[in-house]
Amino acid sequence: MVRVIVDGTPVDVPPGSSALQACEAAGKEIPRFCYHERLSVAGNCRMCLVEVARAPKPVASCGFPVADGMQIFTDTEVVRRARRAVMEFLLINHPLDCPICDQGGECDLQDQAYGYGSGVSRYKEDKRAVTDKDLGPLVKTVMTRCIQCTRCVRFSTEVAGTPELGLVSRGENAEITTYVEKALTSELSGNLIDVCPVGALTAKPSAFHARSWEYKKTDSIDVMDALGTNIQVQARGGEVMRIVPRVNDDVNEEWLSDKGRFSIDGLKRKRLDRPWVRVHGKISSVSWKDALIALARRFDGVPGDRIGAIAGDLCDAESLCAIKDLLQSLGSSNLDCRQDGAWYDTSARAGYLFNSDISGIDQADALLLVGTMPRHEAPVLNARIRKRFVDAGRGGFPIGMIGTPSADMTYDVTVLGNGPDVLADILSGKNAFAEVLQNAKNPMIIVGHSALTRRDAPAIYAACRELAHACGAVTPEWQGLNILHTAASRVGALDLGFLPGPQGCDAASMLRGGVEILWLLGADDVQLDRIPPETFVVYLGHHGDAAAQRADIILPGAAYTEKPGTYVNMAGRVQRAFRAVFAPGEAREDWRIIRAFSEVLGHTLPYDTLEQLRAHMAQVNPVFAMNGGSAQRLAGTTGGQAAPASGQAGELMPAPFRPVIQDYYQTNVISRASQTMAECSKVYGVAPAVAAE
Amino acid sequence: MSTAWTPAEQPDSFVFDSASEAEIAGVLSKYPEERKASAVMPLLYIAQRQMGRVTGSAWVPVVAMDVIAQRLGMAAMRVYEVASFYTMFNTRPIGRYHLQVCTTTPCWLRGSDDVVEACQKATGIQHFGETSADGLFTMTEVECLGACANAPILQVDDDFYEDMNAERTAKVIAELRAGRRPTPGPMIDRNVSAPEGGRKTLLSSSTADQE
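Predicted model, so just to flag it, every value in this text is computed and none were measured. Per-chain numbering applies: the sequence of each chain, read as written, is numbered from 1 onward. To label them, take the chains in the order written and letter them from A, then take the ligands in the order written and number them from 1. In view of the model being predicted, local features appear only for residues whose pLDDT reaches at least 70, and side-chain atom pairs are presented and counted only at 80 or more, with totals across whole chains, interfaces and linings using the full set of residues. Values reported for side chains reflect all heavy atoms of the structure, with hydrogen atoms and water molecules removed beforehand.

**Overview of the overall build of chain A**
The cut-off we apply is this: Each helix is a run of H or I in the DSSP string that is no shorter than four residues. Each strand is a run of E no shorter than two, and both are numbered from the N terminus. For this measure, only C-alpha atoms enter the radius of gyration; the expected value for a globule follows 2.2 Å times N^0.38, where N is the number of residues. Accessibility here uses a 1.4 Å probe with only protein chains present; expressed as a share of the type maximum, an area under 20% marks a residue as buried, one over 50% as exposed, and anything in between as partly exposed. Throughout, a contact is declared for two residues whenever any of their heavy atoms are within 4.5 Å. Computed with a 1.4 Å probe, the accessible areas rest on the Shrake-Rupley method; for each residue, only the protein chains presented here act as cover. Charged residues are defined narrowly, with Lys and Arg counted positive, Asp and Glu counted negative, and His plus the chain ends left uncounted. Lysine's charge is taken at NZ, arginine's at CZ, aspartate's at CG and glutamate's at CD.
Check the secondary structure of chain A and you find 21 helices and 26 strands. Expected size for 693 residues packed as a compact globule is a radius of gyration near 26 Å; at 27 Å, chain A falls within 12% of this value. Burial analysis of chain A (693 residues in total) assigns 59% to the buried set. Within chain A, counting contacts between residues at least 6 apart in sequence, those at least 24 apart form 71% of the total. Here chain A has roughly 26400 Å² of accessible surface; of this, 51% comes from carbon and sulfur atoms. Mean positive and mean negative side-chain charge positions of chain A (72 and 81 charges, respectively) differ by 3 Å.

**Observations regarding the packing of helix α6 (residues 112–123) of chain B against helix α7 (residues 166–177) of chain B**
All names here are of chain B. To keep it simple, the criterion reads: To obtain an axis, a line is fitted to C-alpha atoms, over the contacting stretch when the element is a helix, and the angle between two such axes runs from 0 to 180 degrees between their N-to-C directions. Handedness of a helix crossing follows the sense of rotation of the near helix relative to the far helix, less than a right angle counterclockwise being left-handed and clockwise being right-handed.
It is the contact of α6 with α7, at a shortest axis distance of 8 Å, that shows an interaxial angle of 35°. Pair α6 / α7 crosses with right-handed handedness. Two secondary-structure elements touch here, α6 through Asp114, Val115, Ala118, Cys119, Ala122 and Thr123 and α7 through Ala166, Thr169, Ile173 and Arg177.

**A closer look at the side chain of glutamine 232 of chain A**
Residue and element names in this part refer to chain A. The line we're drawing: Residues adjacent in sequence count toward polar contacts only when both atoms are side-chain atoms; beyond that, a polar contact is any pair of N or O atoms within 3.5 Å, and within protein one must be able to donate a hydrogen and the other to accept it.
Position of glutamine 232 relative to the elements: it lies in strand β11 (residues 230–236). For glutamine 232, the side chain forms a polar contact with the side chain of glutamine 234, separated by 2.8 Å. Excluding residues that lie within four positions of it along the chain, glutamine 232 makes contacts with Lys217, Thr218, Asp219, Arg242, Ile243, Val244 and Arg246.

**What about the nonpolar core?**
Residue and element names in this part refer to chain A. Our working definition: Buried residues of nine kinds, namely Ala, Val, Leu, Ile, Met, Phe, Trp, Tyr and Cys, make up a nonpolar core once their side-chain atoms join them within 4.5 Å.
Counting 96 residues, the largest nonpolar core has Val4, Ile72, Phe155, Leu381, Ile385, Ile399 and Met570 as the members making the most contacts within it. At five residues, the largest contribution of residues to this core is made by helix α10 (residues 379–392). Not counting chain neighbours up to four residues away, the residues in contact with leucine 381 comprise Leu227, Phe354, Ile358, Ile361, Pro374, Leu484 and Met570. Counting 82 residues, the second-largest nonpolar core is a separate cluster that includes Leu295, Leu423, Trp591 and Leu601.

**A closer look at the domain arrangement of chain B**
Going by this rule: The split into domains, and so the bounds of each, comes from an automatic or database assignment of domains.
According to the domain assignment, chain B consists of domain 1 (18–85) and domain 2 (97–186). Placing the centre of domain 1 of chain B and that of domain 2 of chain B at their C-alpha centroids yields a distance of 27 Å.

**Brief notes about the interface of chain B and chain A**
Inclusion rule: Joining two parts hides part of their accessible area as seen by a 1.4 Å probe, and the buried area is that hidden amount summed over both. As a working rule, the residues Ala, Val, Leu, Ile, Met, Phe, Trp, Tyr, Cys and Pro are called nonpolar, Asp, Glu, Lys and Arg charged, and the rest polar, with Gly in that last group.
Facing the 19 residues of chain B at the interface are 23 residues of chain A. Counting each side, the surface lost to burial between chain B and chain A is near 1700 Å², with a carbon and sulfur contribution of 58%. Where chain B packs against chain A, one counts five residue pairs in polar contact (both at pLDDT 80 or more). The element that contributes the greatest number of residues to the side of chain B that touches chain A is helix α4 (residues 76–85) of chain B, accounting for six residues. By residue class, the composition of the side of chain B that touches chain A is 10 nonpolar, five polar and four charged.

**Observations regarding the packing of aromatic side chains**
Our working rule: Pairing of aromatic rings covers Phe, Tyr and the six-membered ring of Trp, with a centre-to-centre limit of 6.5 Å; geometry is then stacked below 30 degrees between planes, edge-to-face above 60, and tilted otherwise.
Tallied over the entire structure, the rule returns 15 aromatic pairs over all chains. Relative to phenylalanine 597 of chain A, the ring of tryptophan 519 of chain A lies with its centre 5.7 Å away and its plane at 50°, an arrangement referred to as tilted. Of this pair, tryptophan 519 of chain A sits in strand β22 (residues 517–521) while phenylalanine 597 of chain A sits in helix α18 (residues 590–601), placing them 78 residues apart in sequence. Considered together, tryptophan 519 of chain A and phenylalanine 597 of chain A belong to a single accessibility category, that of buried residues. Put simply, the rings of Tyr45, Phe85, Tyr86 and Phe89 of chain B pair up and form one aromatic cluster.

**A closer look at the layout of surface pockets**
Residue and element names in this part refer to chain B. Selection rule: Only protein atoms enter the 1 Å grid used here. Points where a 1.4 Å probe fits but cannot escape make up a cavity, open sets with protein on both sides within 12 Å along at least five of seven lines make up a pocket, and a residue lines them when an atom lies within 4 Å of a point. Grid points are joined across faces, edges and corners, and a volume is the space filled by probe spheres set on the points.
Of the pockets and cavities examined, the second largest pocket occupies roughly 1500 Å³. In terms of lining residues, the second largest pocket is bounded by 42 residues, among which Thr87, Phe89, Asn90, His98 and Thr140 are the most central. Elements with a minimum of two residues in the lining of the second largest pocket: α2 (40–55), α4, β1 (97–102) and β2 (137–142). In terms of residue count, the dominant contributor to the lining of the second largest pocket is α2 (five residues). Classifying every residue of the lining of the second largest pocket by side-chain character gives 14 nonpolar, 17 polar and 11 charged.

**Observations regarding the UniProt feature "binding site: [2Fe-2S] cluster" (unreviewed entry) in chain B**
All names here are of chain B. Formally: UniProt positions are given in the numbering used here, feature names are shortened, and annotations may be inferred rather than shown by experiment.
Taken from the UniProt record, the annotation "binding site: [2Fe-2S] cluster" (unreviewed entry) applies to Cys102, Cys107, Cys144 and Cys148. The greatest C-alpha distance among the annotated residues, which extend across 47 residues, is 9.5 Å, indicating that they converge on a single site. Among the secondary structure elements, cysteine 144 is positioned in the loop between β2 and β3 (154–156). What makes cysteine 144 partly exposed here is its relative accessible area of 42%. Excluding residues within four positions of it along the chain, cysteine 144 makes contact with Cys102 and Thr104. When its relative accessible area of 35% is taken as the criterion, cysteine 148 is described as partly exposed.

**Some details on the UniProt feature "domain: 4Fe-4S His(Cys)3-ligated-type" (unreviewed entry) in chain A**
UniProt's feature table lists "domain: 4Fe-4S His(Cys)3-ligated-type" (unreviewed entry) at residues 78–117 of chain A, given in the numbering used throughout. End-to-end, the C-alpha atoms of residues 78–117 of chain A are 14 Å apart, and along that stretch the chain is 60% helix and 0% strand.

**Regarding the domain arrangement of chain A**
Residues and elements named next belong to chain A. The test is simple: By definition here, a salt bridge exists when the distance from a side-chain nitrogen of Lys or Arg to a carboxyl oxygen of Asp or Glu is within 4 Å.
The domain architecture assigned to chain A consists of domain 1 (2–92), domain 2 (132–268), domain 3 (276–343 + 489–624) and domain 4 (349–486 + 639–661). Domain 3 and domain 4 are separated by 33 Å when their C-alpha centres are compared. Taken together, the contacts link 15 residues of domain 3 with 17 residues of domain 4. Note on domain 3 versus domain 4: buried area summed over both sides is about 1300 Å², and carbon and sulfur give 62% of it. Among the residues domain 3 hides against domain 4, the three largest losses belong to Trp343, Met570 and Ala571. Together they make up 50% of the total. Linking domain 3 with domain 4 are two salt bridges, by the criterion used here. A salt bridge links arginine 573 to aspartate 357, with the shortest nitrogen-to-oxygen separation between them at 2.5 Å. Scanning the region where domain 3 abuts domain 4 turns up six residue pairs in polar contact (both at pLDDT 80 or more). Ranked by the residues each element gives to the side of domain 3 that touches domain 4, the list is headed by helix α15 (residues 490–495), at four residues. Class assignment of the residues belonging to the side of domain 3 that touches domain 4 gives a composition of eight nonpolar, three polar and four charged.

**A short note on the confidence of the model for chain A**
Residue and element names in this part refer to chain A. For the record, the criterion: A residue's pLDDT is simply how confident the predictor is in it, with values from 0 to 100.
Per-residue confidence for chain A averages 92 on the pLDDT scale, and 95% of its residues sit at or above 70. Summarising per-element confidence for chain A, the mean pLDDT is lowest in helix α11 (residues 421–427) (92) and highest in strand β24 (residues 553–556) (97). Overall, residues 636–647 carries pLDDT values under 50, and its contacts beyond four positions in sequence, including any with other chains, amount to 23 contacts. Low confidence marks residues 687–693, where pLDDT is under 50. Its contacts with residues over four positions away, or in another chain, come to 18 contacts.

**Points about unusual backbone geometry**
The step from alanine 151 of chain B to proline 152 of chain B runs through a cis peptide bond, and the omega angle for that step is -10°. By secondary structure assignment, the location of proline 152 of chain B is in the loop between β2 and β3. Its identity as a non-glycine residue notwithstanding, serine 169 of chain A has a phi of 65°, on the positive side. Tracing the sequence through the fold places serine 169 of chain A in the loop between β7 (166–168) and β8 (175–177).

**Quick notes on the pairing of strand β17 (residues 366–370) of chain A**
Residues and elements named next belong to chain A. This is how it is decided: For two strands to count as paired, DSSP must find a minimum of two bridges between them.
The element β17 is extensively covered by neighbouring structure, given that five of its five residues are classed as buried. Here β17 pairs with strand β20 (residues 443–447) via five bridges, running parallel. Residue pairing in the sheet places alanine 366 in a bridge with proline 443 of β20. When β17 meets strand β18 (residues 399–402), the two strands line up parallel, connected through four bridges. Its bridge partner being in β18, leucine 369 is matched across the sheet by methionine 401.

As structure tokens, then:
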């Protein structure tokens, strides 16, 4: 540690820290524009000037390394004057359009001009104007407001790995641009809006819709992928206006995928806002009472094993638990949360988790991707892999991939092959990547759903597990065998045991007429055309998507922003979301609907409040007893498990892996209902296969 | 006020010719393979010269920058940034002869305004950055060329014409128009930056003679 004296207060900071970090450690606020904790240091805004003893002039603290005994002064007349001068320079070309600027009220430049500016400008000449750029359907630009801090350039280059933005030209003509006009191709482009300290980059879909101080802010969890990104839902007047990420270093750092951020207009369209019942092929709207009575009448006399439920990808654990309890009380074990037909090793929790945790990627030193395309399946996790790749330096983090990348991965990958036969080659040492894994201290294997949704998934997983044990990826200190999920509800459902019982039907056989009554809990991405006409379909969900069209009875539920819910992310982290707005019309929270129906049916579920339900969930699986804090991840363990011989799990099939996500912007009912996402889909199209570098 | 970097007409493709390839091989040999991005500026210059050789207009089209980015394994945006930052790279087509008039203080004090005026008169160009109607000349205002002792300077492509005035400027341009390149250097009777008419000091051969 290095001892630095900040305004007379000694603080100890790690060697290599910057003066700015030392000042922050001492609790001093240093104004800044270009400096961002998660980006490289640029040092071009000069707002963070401080005085250092024996330095001839003020220094930019963001890029000034600390030395033992260094004395820093953050509040002297020199510093104050320097800040005022920098502020005056920055404002020379900045328009005075705060009243019509979307950043107004949450603008670093505005705040710091108040806090550190001089209040007057001596500049009388013409201001410069810069043409706006078209960066695609998500990011709106007002380039005249830009102060050239280059945070966006550094974000897109370093974090997103899509170096499309740059600072071209020089001096008064310098501007941020893509040079050749094109839409940004990153799935993380929305974060540019957050990193921009001024109103140059703002959200295009919500432009001119609301002011930052008007929002009611509610903590929630993103359900667009299985990462469990911590978000804040910002609503006004019962309408979700905006979603921004919250900081959680163990999950999403401070990033959010574009789908999580911009599919919110889908929450307002194609919604189911009242119950519907199909009578003689014609659908008509009914009251809740009539709907539940009609449904109970249909259930009457149907044996329990002829009733089944399939859960979709966006469900909260509460509704999953309620529907499971209801079906079990009726004597049914026809439950399945795997609408994509995936296979998991459910003998231990570690069989279906991202065991190393998301932050474990930072420790990995070799990575094998098996049948997964993280860039589309979990963009923020992909950024984490890229961060590790960049931090490790040239060749420091070798990444092998089995499967064909359907887009640029944003880091160098060695494509080892396209089918699971490569796994056998690595196991036998025939493939050179075996040596890479062998030599790594913390090797990591990520198995994705391109592998797990195949018929030979057990064999692929067994081979991966054998490989993991062989290369030291599974040790008491290091859990490097990871499953990358794509569905937000999946791990929670698996934790609740939302799987077919010994005699139960799985999703595929339920769809093929294995049950008489099929309850779809937000399950739209199943092969609905397989359902025979005589099957009675109950749809409990929030969007009038594919399943609602087939349903015989529709019960309108709440979307993830409209209910308090528990979600377990792919790493097994139990996280709570809170209700930001109320569901539209007659729609209700899903578990309450199920609870109400159970009463009509005469099998009343043993909980009346959310707390009772959650207590019950904790009994079903103790992981739910924990309340979502960052330190509370119950890791799975594979320590005791021996590696089984891969032969027992069946044969590997040579067929190549197919990507599970064809169109990143259209993967679930909310994103399919969103016009913004539809436009993105049109602009970016289905990503063509790109050969790895 | 804003920039003029968005070039209007772009060729569809760009390929380095054999002469350029020979130069590139020499440039790349100076850098380790994993640091070859360092060669971006020489390559931009080679591309610009090739354009001048082949089309008569020495500029770097976007496709050429893309080719360079690919060749050097760097993001195209990084090449755009470099090319647009340096005024020596022309990101839009220019005339066959690039008249670069230095108007920084020493040259200005020594009459660069006359040189500018002479250029305008001889070529018909109205403002800096414009190309003459016959496509032969582009006049650019440049900052200090570092030859202040011989001010004012007119740089034509890579050559300095020094100690210029209106008359000499007109003459140089007339020569260029005729397809000849006058000998670069001082336009008056002096050797490089030495005094006009020959030496004024250190006339004798040894210091002993002066005592």
